[in-house]
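Spelled out from the first residue to the last, the chains are:
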Amino acid sequence: MATYCTLAELKDRYSERLLIELSDRGEVPVTIVDVALFNRAIADAGALIDGHLKLRYALPLAEVPRLVTDLALRISIYYAHGRVAAEKIKADHDAALKTLRDIASGLIRLDVAGVEPPASAAAEVVTNEPERPLSAATLKGYI
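Residues numbered from 1 in each chain as written. Predicted model: local features only at pLDDT ≥ 70, side-chain atom pairs only at ≥ 80, totals over all residues. Heavy atoms only, no water.

### As for the packing of aromatic side chains
Working step 1: With the rule as written, the count across this model stands at 1 aromatic pair.
Working step 2: On the numbers, 6.4 Å between centres and 50 degrees between planes, the contact of Tyr-78 with Tyr-79 is tilted. (Phe/Tyr/Trp six-rings, centres within 6.5 Å; stacked < 30°, edge-to-face > 60°.)

### So, helix α3 (residues 35-53)
Working step 1: Given a rise of 1.5 Å per residue, 19 residues ought to cover 27 Å, and the 26 Å separating the end C-alpha atoms of α3 matches this to within 8%.
Working step 2: Burial in α3 covers these residues: Leu-37, Phe-38, Ala-41, Ile-42, Ala-43, Ala-45, Gly-46, Ile-49, Asp-50, His-52 and Leu-53.
Working step 3: Residues of α3 that are buried in the fold lie against α1 (7-14), α2 (16-23), α4 (66-80) and α5 (87-105).
Working step 4: The opening residue of α3, the one whose side-chain oxygen lies 3.3 Å from the backbone nitrogen of Ala-36, is Asp-34. (Helix = DSSP H or I, 4+ residues; strand = E, 2+ residues; numbered from the N terminus. Expected span 1.5 Å × (residues − 1). Buried < 20%, exposed > 50% of the residue type's maximum accessible area, 1.4 Å probe, protein only. Contact = heavy atoms within 4.5 Å. Polar contact = N/O pair within 3.5 Å; in protein donor to acceptor, adjacent residues only side chain to side chain.)

### Observations regarding the pattern of salt bridges
Working step 1: Inspection of every chain in the model, using the stated rule, returns 8 salt bridges.
Working step 2: One salt bridge in this structure joins Arg-66 and Glu-9, with 3.9 Å as the shortest N-O distance. Placement of the pair is Arg-66 in helix α4 and Glu-9 in helix α1, with a sequence separation of 57 residues.
Working step 3: Of the charged contacts in the structure, one is a salt bridge between Arg-74 and Asp-92, with a shortest N-O distance of 3.9 Å. Here Arg-74 is found in helix α4, whereas its partner Asp-92 is found in helix α5, with 18 residues between them in sequence.
Working step 4: Of the residues examined, Arg-74 reaches a relative accessible area of 22% and is grouped as partly exposed.
Working step 5: We classify Asp-92 as buried; its relative accessible area is 13%.
Working step 6: Among the charged side chains, a network of salt bridges with common partners joins Arg-13, Asp-70, Arg-74, Lys-88 and Asp-92. (Salt bridge = Lys/Arg side-chain N within 4 Å of Asp/Glu carboxyl O.)

Limitation: the analysis is restricted to geometry and does not speak to function.
Here it is as structure tokens:
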């Protein structure tokens, strides 16, 4: 399972203050970021992303496109919320999931060279069609 973003990137995007607020889940207010909480959120986001990417790409990716890092950040911050997430964060999470579905279906292609798995032969349709009883030769005189 890959991690597509880091705690430092979460701090850069969402601020350390928000991460500390999300870390505060007990009776005593905290003043530092709960690293374990965010590592778990980042790992869970990576697992979700891998689940979608493996339909189209060989994992692990040779290089992580910026789009995938953006999706990981949006999903990780959503997962870190212990309570109801703000509307913006919920909307970002929903948009990230839609983008992952579009990647999995092939509507969006990642610019990652040489990692798309080859098409399998199982996708081909093979029929064993019997010879047609009616043809131009057998209907001669009727048409």
